[in-house]
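# Fold and contact review
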Amino acid sequence: MIHKKNIVITLMLTIFLFSSCASYYQKSYQFQQQFELGNIKEAQAFLLSNKKAAEKKDRLLYFLDRGVVEQMLGNYEVSNTYFEEAYIYNQDYQKDFKFDLIGTLTNPMLKPYKAEDHEVVLIHFYKSINYIQLNNFDAALVEVRRINILLNKLNDKYEGKKNRYKEDAFANLLMGIIYEAKNEFNDAFIAYRNALNVYQGTYKEEFSVKVPNQLKLDILRTAAKNGFATELLKYEKEFGMSYVPQVRGNGELVFFWMNGLGPVKGEFSMNLTRSEGTGGNLVFANASGPYNFPINISNQINNQNQEGLNDVRFVRMAVPKYRARKPLLSKAHLLINGEKVALELTEDIEQIAFKSLEDRMLRDVGTAVVRLVLKQAAEIVATNQNENAGFVLSALNAMTERADTRNWQSLPHSIYYQRVSLSVGSQDLQLVTAGDAIVEKNLKFKVQVKKNATTFRIYHSLESTPPLEQ
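Overview of the structure.

Quick look at helix α4 (residues 40–48) now. Of the positions making up α4, those classed as buried are I40, A43, Q44 and L47. The arc that holds every buried residue of α4, seen down its axis, measures 100°, which confines them to one face. Each element contacted by the buried residues of α4 is listed here: α3 (29–36) and α5 (59–72).

As structure tokens, then:
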């Protein structure tokens, strides 16, 4: 028999665990506050004073945030050290199946964090940018190639289950930019053409990102440099453009603008109501949304005792859901010698994150429904046998039914780029940004342009709203 004292202890434990299940955004608020204000040195100091985090369940997120902060401070080799730690750790995690068992039996926030698909991809983007800044184009290419290899591997694993983020246009565009910086114009043309195909297909249909005008110019330029007369005419007609040769002896600037901050995860609940399906299946449907989950309980539990299953009428499922942080800046251009050159959207990380999480939920939720049904059935059986035992089990089930609200929160909302031909020597330029509620801001840069070479600059504008309500 369970004593009242044990019930009180269970209640206290429940309250404690609920309080410990605040969203990751709330838990990491001190770092987030410094980072969002642009106090990158202070954000770095916070991470340095919390090195033990690199040994705990949030270690992957520590590595990722540390990599971003070090890059923004210009410490590119140190940044890549932490991104490589993140990459290796995530690879090792996928081979250790005991973590999946922990997540099934307990609150998922208690197990080590596993990166979302797009987060793994962006590790390679950041490493590539770091290598570019270190003038190591070969290493940068290796990282960009890894993106397409990774996406192919992930989608092979998902087999017929839908995943909209199956190819990355920006990865192909970046590959073309790097090849062109190495004067490998044939490979650059192929990469640009691959990027065009993805923008015209997946990116247009799923993420509402159109083909950057600059990419069209990149394709025309590399077609001309390769002497591909047929392809040049084809794309001039398709784009409604005419190729204009560049000034000989100039250098080029490629500018990447990362705008705003990506979304953060929150939690919401779905109440799934049972109905009888066909073929022995039970169907659990969400009344407020278009989700129906047919499951065969008998197959899932291998003919074990099904007592209590018939009494399960509904289950509550806690599901992670992104909360957007909208950029306060909506447009930007480079001002060079009085000429304005608009920066163009090339990657909408927020849209990719939203769609990828939704696809993952649709893949994983069937297993989660089975788990919840079995937990509730056990609770019903325990209550029928002993009211106090049922109460304790109900409290424990409530404690463990939480969503994992962790994610990589120092990512940008979106990425823009532009290529500009410049005279050789020291050049002054300005990044001019603006938004509906923000007057124009001018940031001055000085770049050293070399003859027939590509110079790269990157800047991250952090101004964003707080996480919006779901």
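It is worth spelling out the nonpolar core at this point. One finds Y199, L215, F256 and W408 to be the most contacted residues of the largest nonpolar core, which totals 80 residues. If one sorts the elements of this core by residue count, helix α10 (residues 169–181) sits on top with 10 residues. Dropping the residues within four chain positions of it, Y199 is found in contact with A169, F170, L173, K204, V209, K210, V211, P212, L215 and T346. Membership of the second largest hydrophobic core comes to 17 residues, among which are A332, I336, L422 and F445.

Moving on: the pairing of strand β11 (residues 438–449). Of the strand pairs in this sheet, strand β10 (residues 425–435) and β11 are connected by 10 bridges, and their pairing is antiparallel. Looking across to β11, one finds that G435 is bridged to I438. Counting the residues between successive antiparallel strands, the hairpin from β10 to β11 contains 2 residues.

What follows deals with the sheet that holds strand β1 (residues 251–259). Whether parallel or antiparallel, the strands of a sheet pair through hydrogen bonds between backbone atoms. Strands sit in the order β8-β9-β1-β12 across an open sheet of 4 strands; the sheet is mixed. Looking at the sheet topology across the chains shown, the edges are occupied by β8 (344–348) and β12 (454–461). When the angles between neighbouring strand axes are averaged without regard to direction, this sheet yields 25°. Note: β8 against strand β9 (residues 414–422), 4 bridges, orientation antiparallel. Bridging across to β9, D348 finds its partner in S414. In this fold helix α8 (residues 117–133) packs onto β1, β9 and β12, with an angle of close to 135° to the strand it touches most, β12. Sheet contacts for α10: β1, β8, β9 and β12; angle to β9, the most-contacted strand, approximately 25°.

Reading guide: rules and limits
Residues numbered from 1 in each chain as written. Predicted model: local features only at pLDDT ≥ 70, side-chain atom pairs only at ≥ 80, totals over all residues. Heavy atoms only, no water. Buried < 20%, exposed > 50% of the residue type's maximum accessible area, 1.4 Å probe, protein only. Helix = DSSP H or I, 4+ residues; strand = E, 2+ residues; numbered from the N terminus. Arc of directions from axis to C-beta. Contact = heavy atoms within 4.5 Å. Core = buried A, V, L, I, M, F, W, Y, C linked by side-chain atoms within 4.5 Å. Pairing = 2+ DSSP bridges. Axes fitted to C-alpha atoms, helices over the stretch in contact; angles between N-to-C directions.

These results come straight from atomic positions and should not be treated as a statement about function.
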